[in-house]
Amino acid sequence: MTDAGAAPPASGRFRGRQRPRGMALWWPALLGALSIAVLIGSAAATGTLQLANPDQSSVSEVRAAFEALPDDALVVVGMDADLGTYPEIMPAVRAAFDDLLARGASLAFVSVSVEGRAVAAAELARLRSAGADADALLDLGFTSGVEAALVRLVSDALPAGASGAVADTVTERGGGLAAFDMALLIGGGDVGPRTWVEQVGTRLPQLPMVGIAPTFAQPELVPYLRTGQLEALLATVRDDAAFVESVAATNGEPATAGGSPSAAAMLLGMLVALAVLGRALVGALPRLRGPAPPQVTEDDEA
Amino acid sequence: MSGFFDEGLAGVVATWIAALVTIGVWAYLAGERRFFRLAQHLLAGLATGYLTVLAVREVLIPRLLEPLVSDPGGQLLLWPALVLVLAMAGARWLARPVVAVPAAILVAGVAAFALGGAVVGTLLPQMAGTLLPPGPAGSVVNGLIGLVITALVLVGFLHGVPRGRLMVGAAGTGRWLLLGGIGGWLGFLLVSRLALLVDRLQFLLVDWLGIAR
């Protein structure tokens, strides 16, 4: 064992930390380039780079599901987003809240995941501070147990001490999830529309379910859309952006909704990713061709 | 832009803390680990504290203790639940067979609900959806392609079974198709993570620095 592979002793301005080498030198450059792209994208005229998906089918399905709601509808929001991925779907989620509230629907938030509860509490506080009608919002809180919690919610969704117009209506309709006209399911890494479909959808097949989930969950969730277990689904950044645009065009620009990610920065990031992928593929080509033929030496010939 | 922070002093302080922690985590990329470790400890401490408060305030007190105190005889099932909670809380000092009971109930309950839901809510409906009668030509072709890919990938998982040249070729094709599927999913993951990175940059530039507001 030699010292050939060991890190050089720390000295000078790198004392006490690792000296940046190799790819570490590229990260600041990438962040700088993405920052410039964000700034250029915000300064460029609208429409120069379009993030919103021109295929409006997903948006149309979600809006059709919202339009099918009765007057003064009760919508249960299954908020199980996680803190790591929520920023990706946040604009679409907030646009959905704005759209539902503008249609006169009431929203009841419930979470069966710990992180989802934190997001739900923050969103409820944001909606209240933004001036949403307090009678149209209800906090059903956190129920522990994930799958078991969802089964419990089917028959008993109201926590002890819940009060208000929405709580009264839910009580009149039986107190369980069947009291609601729709479930809006906000998914994260672990818990999300799939868990709701498996536990609640099998027990309340008449409850329409609409999902909003991060992009990586789309391959997992699309089959539920095909079987009709989910009525509509937003699960890509482009569909989210198209939905936000669609709601803003109908209801006007929401006051506090977060913006979609910069299209210029997304484009640059994907180009960088493709360049890295291409470089890796070129490096892997010799191995893909198979093992090299054995070298014939003079001894072998002898 | 996140809309979570107020306009007042509390919002300004929260924005500054969020911005500095973001930069502290990114400093890891440039070889600086001290701020990253600090952020890790901060996250672990906050998560533990939050979890404890949530468990006590939203589960133990309203769903266990308050009903027992208000009506001790009316909620008989909560008494064994209290015993199980105490057994889990005292797991460090109790004998293993005692702790094993609540742990086994917990694991078995979760597994039963998850497995039952997966079978009834996913497996059976998806199988029923796959076995639809033939419709338009396009859907039949799509279905056949899906069937062939599924079969080839499943053949790719056959190990230790005597196989001829045809099966070896099919298994190799199945493995490549599997890799293609994983690659496609990684593409979705990349877009997802890229959106998060861009969101953080927009937070720093717009919310924190006030550029391009």
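Just so we're clear, the structure is a prediction, and the values are computed from it rather than from any experiment.

**Student:** Account for the overall build of chain A, naming residues and giving values.
**Tutor:** What chain A contains, in helices and strands, is eleven helices and six strands. Sorting the 302 residues of chain A into buried and exposed places 47% on the buried side. For chain A, long-range pairs separated by at least 24 residues make up 75% of all intrachain contacts whose partners lie at least 6 apart in sequence. Accessible surface for chain A amounts to roughly 14,600 Å². Of this, 56% is attributable to carbon and sulfur atoms.

**Student:** Can you lay out the overall build of chain B for me, pointing to particular residues and giving the numbers?
**Tutor:** Along the backbone of chain B there are six helices and zero strands. In chain B, the order of α-helices and β-strands from amino to carboxyl end is α-α-α-α-α-α. Scaling as 2.2 N^0.38, a compact globule of 213 residues should have a C-alpha radius of gyration of about 17 Å, whereas chain B reaches 27 Å, well beyond that. On the principal axes, the C-alpha backbone points of chain B span a range of 65 × 60 × 40 Å. When each of the 213 residues of chain B is scored for burial, the buried share is 23%. Contacts spanning at least 24 positions in sequence make up 33% of the contacts within chain B whose residues lie at least 6 apart. Of the roughly 14,200 Å² of accessible surface on chain B, a fraction of 76% belongs to carbon and sulfur atoms. Of the side-chain charges in chain B, 13 are positive and 8 negative, and the distance between the mean point of each set is 22 Å.

**Student:** Can you lay out the nonpolar core for me, pointing to particular residues and giving the numbers?
**Tutor:** Residues and elements named next belong to chain A. Counting 60 residues, the largest nonpolar core has M79, F109, L184, I186 and F243 as its most contacted members. Sort the elements by how many residues they give to this core and helix α3 (residues 86-102) lands first, with nine residues. Ignoring anything within four residues of it in the chain, the contact list for F243 reads V59, V62, R63, F66, A92, A95, A96 and L234.

**Student:** Residue-level account of the packing of aromatic side chains, with values.
**Tutor:** For the structure on display, the rule yields four aromatic pairs over all chains. When the ring of F97 of chain A is compared with that of F109 of chain A, the centres are 5.2 Å apart and the planes differ by 70°; the resulting orientation is edge-to-face. Of this pair, F97 of chain A sits in helix α3 while F109 of chain A sits in strand β2 (residues 106-111), and the two are twelve residues apart along the sequence. The exposure class assigned to F109 of chain A is buried, which follows from its relative accessible area of 1%. When the ring of W16 of chain B is compared with that of W208 of chain B, the centres are 5.4 Å apart and the planes differ by 80°; the resulting orientation is edge-to-face. Placement of the pair is W16 of chain B in helix α1 (residues 9-26) and W208 of chain B in helix α6 (residues 165-208), with a sequence separation of 192 residues. Judged by its relative accessible area of 46%, W16 of chain B falls in the partly exposed class. Since its relative accessible area comes to 22%, W208 of chain B is described here as partly exposed. Sitting over the ring of F203 of chain B, R200 of chain B keeps its end group 4.4 Å from the ring centre.

**Student:** Go over the pattern of salt bridges with me, naming the residues and quoting the values.
**Tutor:** Per the counting criterion, the structure on display carries 13 salt bridges over all chains. Because the salt bridges share partners, they merge into one network encompassing R63, E67, D99 and R103 of chain A.

**Student:** Tell me about the packing of helix α2 (residues 34-70) of chain B against helix α3 (residues 78-89) of chain B, and please be specific about residues and values.
**Tutor:** Residue and element names in this part refer to chain B. Where α2 contacts α3, the axes come no closer than 10 Å and their chain directions differ by 125°. By the angle between their axes, α2 is oblique relative to α3. α3 is crossed by α2, and the crossing has left-handed handedness. For the pair α2 and α3, the contacting residues are L60, R63, L64, L65, P67 and L68 in the first and L78, W79, A81, L82 and V85 in the second. Here the residues of the contact of α2 with α3 are counted per class, giving ten nonpolar, no polar and one charged.

**Student:** Requested: an account of the interface of chain B and chain A, with residues and values cited.
**Tutor:** At the interface, 47 residues of chain B touch 60 residues of chain A. With both sides pooled, the region where chain B packs onto chain A buries about 4,500 Å², and carbon together with sulfur makes up 68% of that total. On inspection of chain B and its partner chain A, the count reaches one salt bridge. Here R117 of chain A makes a salt bridge to E58 of chain B, at a shortest N to O gap of 3.0 Å. The tally of links from chain B across to chain A stands at 13 residue pairs in polar contact (both at pLDDT 80 or more). Contributing elements (two or more residues each) for the side of chain B that touches chain A: α2, α4 (96-130) and α6 of chain B. Among the elements that line the side of chain B that touches chain A, the one with the most residues is α6 of chain B, at 17 residues. Along the lines of polarity and charge, the residues of the side of chain B that touches chain A split into 30 nonpolar, ten polar and seven charged.

**Student:** Tell me about helix α5 (residues 147-155) of chain A, residues and numbers included.
**Tutor:** Residues three or four positions apart in an α-helix share a direction because the helix packs 3.6 residues into each turn. Looking at α5 of chain A, one finds that the buried residues are E147, A149, L150, V151, L153 and V154 of chain A. Along its buried surface, α5 of chain A packs onto β2 and α7 (193-201) of chain A together with α4 of chain B.

**Student:** Now, about the sheet that holds β2 of chain A: what can you tell me, with residues and values included?
**Tutor:** All names here are of chain A. Strands sit in the order β3-β2-β1-β4-β5-β6 across an open sheet of six strands; the sheet is parallel. Among the strands making up the open sheet, the edge pair consists of β3 (137-142) and β6 (232-234). Within this sheet the neighbouring strands show an average axis-to-axis angle of 15°, counted without direction. Sheet analysis places strand β5 (residues 209-212) next to β6, joined by three bridges and oriented parallel.

**Student:** Tell me what's going on with α2 of chain B, and back it up with residues and numbers.
**Tutor:** Relative to the 54 Å expected for 37 residues at 1.5 Å per residue, α2 of chain B spans 50 Å between its end C-alpha atoms, a close match to the ideal helical length. Of all the bends in α2 of chain B, the greatest, near 55°, is centred on I61 of chain B, and the proline P62 of chain B appears no more than four residues after it. All buried positions along α2 of chain B are accounted for by A39, L54, V59, L64, P67 and L68 of chain B. Next to the buried residues of α2 of chain B lie α4 (114-129) and β3 of chain A together with α1 and α3 of chain B.

**Student:** Describe unusual backbone geometry, and please don't skip the residues or the numbers.
**Tutor:** For residues other than glycine, phi is negative in most cases, and the peptide bonds are mostly trans. Residue and element names in this part refer to chain A. Not every positive phi belongs to a glycine, and D72 is a case in point at roughly 55°. Residue placement: D72 occurs in the loop between α2 (57-67) and β1 (74-79). Judged by its relative accessible area of 58%, D72 falls in the exposed class. Even without glycine at this site, V146 takes up a positive phi of about 50°. Mapped onto the secondary structure, V146 falls in the loop between β3 and α5.

**Student:** Could you give an account of a nonpolar patch on the surface, with specific residues and numbers?
**Tutor:** Residues and elements named next belong to chain B. Residues L9, V12, V13, W16, I17, L20, V21, I23, V25, L42 and L46 make up a contiguous nonpolar surface patch of about 990 Å² in total accessible area. Secondary-structure elements contributing two or more residues to the nonpolar patch are α1 and α2. Element by element, the count of residues in the nonpolar patch is highest for α1, at nine residues. Within the secondary structure, L20 sits in helix α1.

**Student:** Lay out the environment of A241 of chain A in plain terms, naming residues and giving numbers.
**Tutor:** Position of A241 of chain A among the secondary structure elements: in helix α9 (residues 237-251). Leaving out residues up to four positions away in the same chain, A241 of chain A has contacts with L51, A52 and S260 of chain A.

Thresholds, definitions, all that
Residues numbered from 1 in each chain as written. Chains lettered and ligands numbered in written order. Predicted model: local features only at pLDDT ≥ 70, side-chain atom pairs only at ≥ 80, totals over all residues. Heavy atoms only, no water. Helix = DSSP H or I, 4+ residues; strand = E, 2+ residues; numbered from the N terminus. Buried < 20%, exposed > 50% of the residue type's maximum accessible area, 1.4 Å probe, protein only. Contact = heavy atoms within 4.5 Å. Areas by Shrake-Rupley, 256 points an atom, 1.4 Å probe, with all protein chains shown as cover. Rg over C-alpha atoms; globule rule 2.2 N^0.38 Å. Lys, Arg positive; Asp, Glu negative; His and termini not counted. Charge placed at Lys NZ, Arg CZ, Asp CG, Glu CD. Core = buried A, V, L, I, M, F, W, Y, C linked by side-chain atoms within 4.5 Å. Phe/Tyr/Trp six-rings, centres within 6.5 Å; stacked < 30°, edge-to-face > 60°. Lys NZ or Arg CZ within 6 Å of the ring centre and 35° of its normal. Salt bridge = Lys/Arg side-chain N within 4 Å of Asp/Glu carboxyl O. Axes fitted to C-alpha atoms, helices over the stretch in contact; angles between N-to-C directions. Parallel < 35°, antiparallel > 145°, perpendicular 65-115°, else oblique. Left-handed = near helix turned anticlockwise from the far one by under 90°. Nonpolar A, V, L, I, M, F, W, Y, C, P; charged D, E, K, R; others polar. Buried area = accessible area lost by both parts, 1.4 Å probe. Polar contact = N/O pair within 3.5 Å; in protein donor to acceptor, adjacent residues only side chain to side chain. Pairing = 2+ DSSP bridges. Expected span 1.5 Å × (residues − 1). Bend = angle between axes of the 7 residues up to and from the residue. Patch = residues over 30% accessible without salt bridge, like charges linked within 9 Å, V, L, I, M, F, W, Y side chains within 5 Å.

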